[in-house]
Amino acid sequence: MTDHHDDAPIAAQVRELEALLEQKGLLDPRELDQTLEAFAANASPANGFRVVARAWVDGDFKAKLLDNANEALPLIGLSMGGGLQVQTLKVVENTPDVHNVIVCTLCSCYPLGLLGPSPTWYKSPAYRSRVVSHPREVLAQFGFTPPDDTEIRVWDANAEMRYLVLPQRPAGTEHLTEEELRQRVTRNGLIGTAPV
Ligand code: FE
């Protein structure tokens with residue numbers, strides 16, 4: 001399973017590999033189907049919300065997440081393993097000085113397991129071509145205007161490398177529980193087209 005739209009040659013290679021493994025008795029095709037189905041069923045923005053809320057309340061988890069997200073995710077029962085291909089995840093933290101935005105300029109690479117299916121606009125040529133050169137204009141179209149002195153960093157994902165934005169914890173949420181904090185996070189916030 002991949003959310004990479006230009007995946008025809010890869011899909012053919014995967015089928016070839018599957019056939020070879022089955023032929024050698026190394027792979028039970030039903031087991032593979034179950035793994036891929038489980039991955040697709042679990043792919044949801046609720047996973048991303050959990051990651052962010054935990055990072056907001058647990059400084060050790062946040063430090064690990066920013067240092068090596070693939071190793072941090074299993075600490076809360078998640079992983080980047082989606083069947084055959086493991087993708088590297090880099091979590092980029094918003095601060096008062098830096099706001100991060102993710103895009104795939106080539107196609108539509110996206111941390112599917114943590115955010116669910118990508119929104120249509122993420123795959124649109126307009127977003128992909130404009131956000132790198134004119135990030136503030138694009139963010140304004142989402143109704144979001146970061147402070148003038150905040151640097152906007154745009155991260156270009158690809159088949160091997162996926163990004164997730166860690167938004168700033170909103171002011172006045174000190175009294176909220178981790179579960180309540182999850183509900184404050186939005187999918188667009190994890191892409192960077194919204195503040196949270
Ligand atoms: Fe892509």
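Residues numbered from 1 in each chain as written. Predicted model: local features only at pLDDT ≥ 70, side-chain atom pairs only at ≥ 80, totals over all residues. Heavy atoms only, no water.

### Thoughts on helix H3 (residues 45-57)
The line we're drawing: A run of H or I in DSSP becomes a helix once it reaches four residues, and a run of E becomes a strand once it reaches two; helices and strands are each numbered from the N terminus. By this rule the span expected of a helix is its residue count minus one, scaled by 1.5 Å. Counting of polar contacts relies on pairs of N or O atoms within 3.5 Å, with two restrictions inside protein: one atom must be capable of donating a hydrogen and the other of accepting it, and residues adjacent in sequence are counted only when both atoms are side-chain atoms.
Over its 13 residues, H3 extends 19 Å from the first C-alpha to the last, a length consistent with the 18 Å expected when each residue adds 1.5 Å. Two to three positions downstream of the cap, the backbone nitrogen of Ala 46 sits 2.9 Å from a side-chain oxygen, assigning the N-cap of H3 to Ser 44.

### Here's the deal with the coordination of the iron ion
Note on metal geometry: ideal angles are 109.5 degrees for four donors arranged tetrahedrally and 90 or 180 degrees for six donors arranged octahedrally. Heads up, the rule is: For Na, K and Ca the donor cut-off is 3.2 Å, while for other metals it is 2.8 Å, and in both cases only N, O and S atoms qualify; water is not among them, so sites may look incomplete. Think of it this way: with four donors and all angles in the 85 to 135 degree range, the site is tetrahedral; with four or six donors, opposite ones beyond 155 degrees and the rest between 65 and 115, it is square planar or octahedral; otherwise it is irregular. Working definition: with a 1.4 Å probe on protein chains only, accessible area under 20% of the residue-type maximum means buried, over 50% means exposed, and in between means partly exposed.
Surrounding the iron ion are the protein donor atoms Cys 104 (SG), Cys 107 (SG), Cys 109 (N) and Cys 109 (SG), which sit 2.1 to 2.6 Å from the metal. Coordination at the iron ion is irregular, judged from the four donor atoms that bind it and the angles of 79 to 137 degrees they form at the metal. Sequence spacing among the residues donating to the iron ion works out to C-x2-C-x1-C. The burial state of Cys 104 is the same as that of Cys 107; both residues are buried.

### Re the domain arrangement of the protein
Our working definition: Domain start and stop positions are those given by an automatic or database domain assignment.
Partitioning the protein into structural domains gives domain 1 (7-42) and domain 2 (44-191). On a C-alpha basis, the centroid separation for the pair domain 1 and domain 2 is 29 Å.

### Thoughts on the environment of Tyr 110
As for its placement among the helices and strands, Tyr 110 is situated in the loop between strand S4 (98-103) and helix H6 (112-115). With 12 residues separating them along the chain, Tyr 110 and Tyr 122 place their C-alpha atoms 8.9 Å apart.

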